[in-house]
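The residues making up each chain are set out below.
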Amino acid sequence: MSAIRQDAWSDEDDLILAEVTLRHIREGSTQLSAFEEVGERIGRTAAACGFRWNSFVRKKYEAAIQIAKAQRQKRTQLKKHAAVSISSSSIGLLDGPELGLGKTETFTEETLSIDAVIRFLRQWRSTYQDMNRHIKSLEKELQDKEEELDRIGRENDKLNKQVNAVETDYRVVNDDYKALIQIMDRARKMAFLVEEEEEERPRFKMDANGNLERVE
């Protein structure tokens, strides 16, 4: 049984680190504040939390980080709209010569502020949906690339096997060819020796008297 390091990060620790850091990003806070909060919750230093986030956890939440940044931007815009509305309402109250006019101006600014919030929420929902579609498109593209890479790998293995088979056949044919050359060379030498023996063997013929005489 392998020993577990006491400083090893668990899945729960990584999840807490991701949740807190994403929340701080959405709220416009700093990552250092997030690391300090996580460190207090799980008993680690802020530096250790920061190193874990940048070296491992961040890579798993790239899409969520982009969404959190978009939410932070929208939150900032909403605060600006609210500040403008409050300022306009105050100006309307100060400039109105009558109490009724001031109330009318205040109501108009509040109504415009609510409309702005509604428009913002609709735009944010549309942006979020577009982002989800883009993420799904990227995931589908990544899956297609992985399948294509797997197909190319199988084709490469198949071609390697064919090349190995051709090399084996070539070696067999080459060995057979060398053996055939050796056999033909031995046969040629044997034929040459037989011809020499026949030339060196004495020849005789019979004369008219029935005697054998050697033919030179």
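The structure we're discussing is the one just above.
This text gives an overview of the structure that appears in the document. Owing to the predicted nature of the structure, the values given are computational and were not obtained by experimental measurement.

### A few points about empty space enclosed by the protein
Now for step 1: A complete count under the given rule lists 1 cavity of 30 Å³ or more for this structure.
Now for step 2: Its volume calculated, the largest cavity comes out at about 40 Å³.
Now for step 3: Lining the largest cavity we find Ile67, Ala70, Gln71, Trp124, Thr127, Tyr128 and Met131.
Now for step 4: Sorting the residues of the lining of the largest cavity by element identifies α4 (62-95) and α5 (99-200) as the ones contributing at least two each.
Now for step 5: Looking at the lining of the largest cavity element by element, the count peaks at 4 residues for α5.
Now for step 6: Of the residues that constitute the lining of the largest cavity, the class distribution is 5 nonpolar, 2 polar and no charged.

### Points about the packing of aromatic side chains
Now for step 1: Inspection of every chain in the model, using the stated rule, returns 0 aromatic pairs.
Now for step 2: Here the basic side chain of Arg44 rests over the ring of Trp9, its NZ or CZ set 4.2 Å away from the ring centre.

### Describing the pattern of salt bridges
Now for step 1: Here the structure, examined in full by the defined rule, presents 9 salt bridges.
Now for step 2: As a salt-bridge pair, Asp14 and Arg52 come within 2.9 Å of each other at their nearest N and O atoms. You can see Asp14 sitting in helix α1 (residues 11-26) and its partner Arg52 sitting in helix α3 (residues 46-60), a full 38 residues away along the chain. Taken as a pair, Asp14 and Arg52 share a single burial class, namely buried.
Now for step 3: A salt bridge links Asp144 to Lys140; the shortest N-O distance between them is 3.0 Å. Linking Asp144 with Lys140, this pair stays in helix α5, spanning 4 residues, or about one helical turn.
Now for step 4: Among the residues examined, Asp144 registers a relative accessible area of 32% and is labelled partly exposed.
Now for step 5: Counted as one network, the salt bridges with shared partners bring together Asp185, Arg188 and Lys189.

### As for the packing of α1 against α3
Now for step 1: Running from N to C, α1 and α3 point in directions that differ by 95°, and their axes come no closer than 11 Å. Taken together, the axis directions place α1 and α3 in an arrangement best described as roughly perpendicular. On the side of α1, the interface is formed by Asp14, Leu17, Ala18 and Thr21, while α3 contributes Cys49, Arg52, Trp53, Phe56 and Val57.
Now for step 2: Among the residues forming the contact of α1 with α3, the class breakdown is 6 nonpolar, 1 polar and 2 charged.

### Some words on a nonpolar patch on the surface
Now for step 1: Where nonpolar side chains cluster on the molecular surface, the patch consists of Tyr177, Leu180, Ile181 and Met184 and spans about 400 Å² of accessible area.
Now for step 2: Secondary-structure assignment places Ile181 in helix α5.
Now for step 3: The class of Ile181 is partly exposed, set by a relative accessible area of 38%.

### Observations concerning helix α2 (residues 31-42)
Now for step 1: Counted at 1.5 Å a residue, the expected span for α2 with its 12 residues is 16 Å, and the 16 Å between its end C-alpha atoms agrees.
Now for step 2: Three or more residues of α2 are buried, namely Ala34, Phe35, Val38 and Gly39. Projection of α2 onto a plane perpendicular to its axis shows the buried side chains occupying an angular sector of 135°, all on one side. Facing away from the buried side of α2 by more than 90 degrees, the exposed set consists of Glu40 and Arg41.

Parameters and conventions
Residue numbering note: each chain is counted from 1, following its sequence as written. Reporting of local features is limited, given that this is a predicted model, to residues whose pLDDT is at least 70; pairs of side-chain atoms are given and counted only at 80 or more, and all residues count toward the totals for whole chains, interfaces and linings. Side-chain measures were taken over the full set of non-hydrogen atoms in the model, leaving aside hydrogen atoms and water. A 1.4 Å probe that fits into a set of points on a 1 Å grid over the protein atoms alone but cannot get out defines a cavity; an open set with protein on both sides within 12 Å along at least five of seven lines defines a pocket, and lining residues are those with an atom within 4 Å of a point. Grid points are joined across faces, edges and corners, and a volume is the space filled by probe spheres set on the points. Runs of H or I in DSSP of at least four residues are treated as helices and runs of E of at least two as strands, each being numbered from the N terminus. Residue polarity is assigned by list, with Asp, Glu, Lys and Arg as charged and Ala, Val, Leu, Ile, Met, Phe, Trp, Tyr, Cys and Pro as nonpolar; anything else, Gly included, falls into the polar class. Between the rings of Phe, Tyr and Trp (Trp by its six-membered ring), a pair exists once the centres lie within 6.5 Å; its type follows the angle of the planes, with under 30 degrees stacked, over 60 edge-to-face, and the other angles tilted. Placement of a positive charge over a ring is assigned whenever Lys NZ or Arg CZ falls within 6 Å of the ring centre and within 35 degrees of the normal to the ring plane. Every case where a carboxyl oxygen of Asp or Glu lies within 4 Å of a side-chain nitrogen of Lys or Arg is listed as a salt bridge. Each residue is assigned to one of three classes by its accessible area relative to the maximum for its type, calculated with a 1.4 Å probe on protein chains only: buried under 20%, partly exposed between the two thresholds, exposed over 50%. Lines fitted to C-alpha atoms define the axes, with helix axes restricted to the stretch in contact, and inter-axis angles between N-to-C directions lie between 0 and 180 degrees. Angles below 35 degrees are treated as roughly parallel, those above 145 as roughly antiparallel, those between 65 and 115 as roughly perpendicular, and all remaining angles as oblique. Two residues form a contact once any of their heavy atoms are found within 4.5 Å. Without a salt bridge and with relative accessible area above 30%, a residue can belong to a patch; like charges are then joined within 9 Å and nonpolar side chains (Val, Leu, Ile, Met, Phe, Trp, Tyr) within 5 Å. Every accessible area reported is derived by Shrake-Rupley at a probe size of 1.4 Å, with residue values counting cover from the shown protein chains alone. Expected helix span is computed as 1.5 Å times (number of residues minus one). The arc in question is traced by the directions running from the helix axis to the C-beta atoms.

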